[in-house]
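# Chain and residue survey
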Amino acid sequence: MLRIAIQKSGRLSQESLDLIMECNIKVNNGKGKLKSNAVNFPMEILYLRDDDIPGYVADHVADIGIAGLNVVLEKGKNNRVVMQLGFSKCRLCLAIPKEIDYDGLEFFSGKNIATSYPNLTEGYLKEKGIKADIHEISGSVEIAPGIGLADAICDIVSSGSTLISNGLKEVETIMSSEAVLIANADLPAEKEMILEQFLFRINAVQKAKSFKYILLNAPNDKIDQIIDILPGMKSPTVVPLAMEGWSSLHSVINEEKFWEIIDHLKQAGAQGILVVPIEKMIL
Ligand code: PRT
Ligand code: ZN
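Residues numbered from 1 in each chain as written. Chains lettered and ligands numbered in written order. Predicted model: local features only at pLDDT ≥ 70, side-chain atom pairs only at ≥ 80, totals over all residues. Heavy atoms only, no water.

Tallying each qualifying case throughout the model produces nine salt bridges. The partner of R3 in a salt bridge is E44, and the shortest N-O contact between them spans 2.5 Å. Taken as a pair, R3 in strand β1 (residues 2-7) and E44 in strand β3 (residues 43-48) lie far apart in primary sequence, 41 residues in all. Between R91 and E170 there is a salt bridge, with the nearest N and O atoms lying 2.9 Å from each other. In this pair, R91 sits in strand β6 (residues 90-97) while E170 sits in strand β10 (residues 168-177), placing the two residues 79 residues apart along the sequence. For R91, a relative accessible area of 25% puts it in the partly exposed group. Relative accessible area serves as the criterion here: at 31%, E170 is assigned to the partly exposed category. A single network of salt bridges, built from pairs that share partners, joins R3, K35 and E44. (Salt bridge = Lys/Arg side-chain N within 4 Å of Asp/Glu carboxyl O. Helix = DSSP H or I, 4+ residues; strand = E, 2+ residues; numbered from the N terminus. Buried < 20%, exposed > 50% of the residue type's maximum accessible area, 1.4 Å probe, protein only.)

On the surface, a cluster of nonpolar side chains totalling about 290 Å² of accessible area is made up of I143, I147 and L149. Classification of I143 by relative accessible area gives partly exposed; the value is 40%. (Patch = residues over 30% accessible without salt bridge, like charges linked within 9 Å, V, L, I, M, F, W, Y side chains within 5 Å. Areas by Shrake-Rupley, 256 points an atom, 1.4 Å probe, with all protein chains shown as cover.)

The tally for this structure, following the rule as stated, stands at five aromatic pairs. Site record: aromatic cluster; members linked through ring pairs are Y102, F107 and F108. The ring of F107 has K111 sitting right over it, with the charged end atom 4.3 Å from the ring centre. (Phe/Tyr/Trp six-rings, centres within 6.5 Å; stacked < 30°, edge-to-face > 60°. Lys NZ or Arg CZ within 6 Å of the ring centre and 35° of its normal.)

This paragraph deals with the site of ligand 1. For ligand 1, the set of nearby residues contains 22 residues, the closest of which are N70, E142, S159, G160 and T162. S158 is positioned with one of its backbone polar atoms (N or O) 2.8 Å from an oxygen atom of ligand 1. One of the side-chain N or O atoms of T162 is found 2.4 Å from an oxygen atom in ligand 1. Listed by contribution, the elements that provide at least two residues to the shell around ligand 1 are α3 (69-75), β9 (152-157) and α5 (161-165). The leading source of residues in the shell around ligand 1 is β9, at three residues. Shared between two domains, the shell around ligand 1 takes at least three residues from each, and those domains are domain 1 (2-86 + 178-208) and domain 2 (90-177). (Near = heavy atom within 4 Å. Polar contact = N/O pair within 3.5 Å; in protein donor to acceptor, adjacent residues only side chain to side chain. Domains from an automatic or database assignment.)

Next up on the list: the coordination of the zinc ion (ligand 2). Looking at the metal site, the zinc ion (ligand 2) is ligated by D50 (OD) and D51 (OD), spaced 1.9 to 2.1 Å from it. In this structure, the zinc ion (ligand 2) is coordinated by four donor atoms arranged in irregular fashion, with angles at the metal of 74 to 174°. Judged by its relative accessible area of 28%, D51 is partly exposed. (Donors = N, O, S within 2.8 Å, 3.2 Å for Na, K, Ca; no water. Tetrahedral: all angles 85-135°; square planar, octahedral: opposite > 155°, others 65-115°.)

With that settled, the discussion passes to the state of the cysteines. Scanning all chains against the criterion turns up zero disulfides. Cysteine C93 remains unbridged, with the sulfur of C154 as its closest cysteine sulfur at 7.6 Å. (Disulfide = S-S within 2.5 Å.)

Turning our eyes to something else, we now look at the side chain of D63. Tracing the sequence through the fold places D63 in the loop between α2 (53-58) and β4 (64-68). Engagement of the side chain of D63 in a polar contact is seen with the backbone nitrogen of R3, the distance being 2.7 Å. For D63, the residues in contact, after removing those within four places along its chain, are M1, L2, R3, V57, I182, A183, N184, L187 and K191. (Contact = heavy atoms within 4.5 Å.)

Let us now look at the sheet that holds β9. The strands that make up a sheet are held in pairs by hydrogen bonds between backbone atoms, and each pair lies either parallel or antiparallel. If you trace the five strands from one edge of the open sheet to the other, you get β8-β7-β9-β6-β10, paired in mixed fashion. The sheet terminates laterally at β8 (133-136) and β10, the two strands that pair on one side only. Adjacent strand axes in the sheet meet at a mean angle of 25°, parallel and antiparallel pairs treated alike. Examined bridge by bridge, β6 and β9 share five bridges and lie antiparallel to one another. Opposite L92, over in β9, you have I156 as the bridge partner. Lying on the sheet, helix α4 (residues 118-127) is in contact with β6, β7 (112-115), β8, β9 and β10; it crosses β10 at an angle near 95°. (Pairing = 2+ DSSP bridges. Axes fitted to C-alpha atoms, helices over the stretch in contact; angles between N-to-C directions.)

Spelled out as C-alpha cells, the structure:
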C-alpha cells in the first residue's frame with residue numbers, strides 16, 4: 001500500500017486528483033474526507049494542507065506527496081523530488097513599490113522584506129552577499145509595503161496581476177516552480193515497487209498529452225513527400241483507400257510540431273486531416 005498526500009483544498013487539489021484518476025486509479029472521493037482508498041490500485045490518499053505535505057512525507061505519515069516545488073524547497077525536508085508534474089507553474093519573486101527606481105540587488109541591503117518563504121528568501125540573498133531583515137508573514141504578503149510593514153516582498157507570482165493591483169513591481173526571480181511529486185528518501189522495497197508502477201502510468205499519461213494521433217488522405221504519388229514532412233515516432237501506417245490511387249496515412253505527432261507542419265502537409269496534397277487525442281502512450 002502506497003500513501004499519497006495531496007492538497008485538500010487549493011490550487012493543487014483538482015489537478016492532483018485528476019492526475020491520479022488519469023492513471024486509471026479509481027478513488028472514492030467523498031467531499032470533506034481526510035483520507036480515501038483507491039479501489040483498483042494499492043494506494044491510499046490523504047488530503048492535507050500543502051505546507052504539511054513535505055513534513056508528513058519525511059516523517060513516513062505519507063510515502064509520497066504532491067506539492068509546489070516552492071513549498072518543498074522552503075520546508076527543506078529530506079525528501080526526493082521524483083517527478084515534475086507540469087501544472088501550477090509560478091515563480092517566487094522579489095517585488096518592490098512600483099515608483100521606486102531599482103538598480104540591482106544592493107537595494108535590498110538593510111531593507112525589511114515580508115514573505116511566507118523566509119528560508120528561500122534568506123538563502124537567495126545570502127548567496128548574493130546581501131543582508132536584509134526578513135519578516136515571515138503567512139498570508140496577504142502583497143499588502144505589507146502598502147501598510148508600512150515592509151519595504152519589499154518575496155512572494156509567488158503567476159500572472160502578475162496581484163502585484164500590479166497592490167502597486168508593486170517584480171524585480172528579481174528567485175526560483176521557478178511547479179507541482180512536483182515527492183517521495184520519502186527511504187521507502188521499503190514493496191512501496192518503491194508501487195511507486196515505480198505509479199510513475200510508469202504518470203509517464204504514459206504525460207507523454208500522451210503532448211502527442212496526437214493524426215490521420216490524413218493523400219494521393220499515392222505524394223505519400224513519400226508527406227512522410228518526409230511528418231516527424232512521426234516510427235514509419236507511419238499507410239492504408240489504401242477504396243478510391244483508386246489514394247491512401248490513408250496514420251501517425252503519432254507532437255502537437256506543437258503539428259501546427260508548424262500543417263501548411264506543408266496541405267501543400268503536399270494531404271486532405272481530410274484528422275487530429276485525435278491519445279489517452280495513454282507506452283513506448
Ligand atoms: O490551504 P493550503 O495551505 O493547502 O493552501 P495555500 O493557500 O497555502 O496554497 P495555494 O492553494 O494558494 O497554492 C498552492 C501552490 O500553488 C503554491 O505553493 C504554488 O506552488 C502554486 N501556485 C501557482 C500559486 C500560484 N500559482 C499563485 N498565483 N500559489 C499562490 N499564488 C498566489 C500568490 O501567493 C499571490 O497571492 O496568487 C497570487 C499571485 O497570483 P497572480 O496571478 O496575481 O500573479
Ligand atoms: Zn499552504
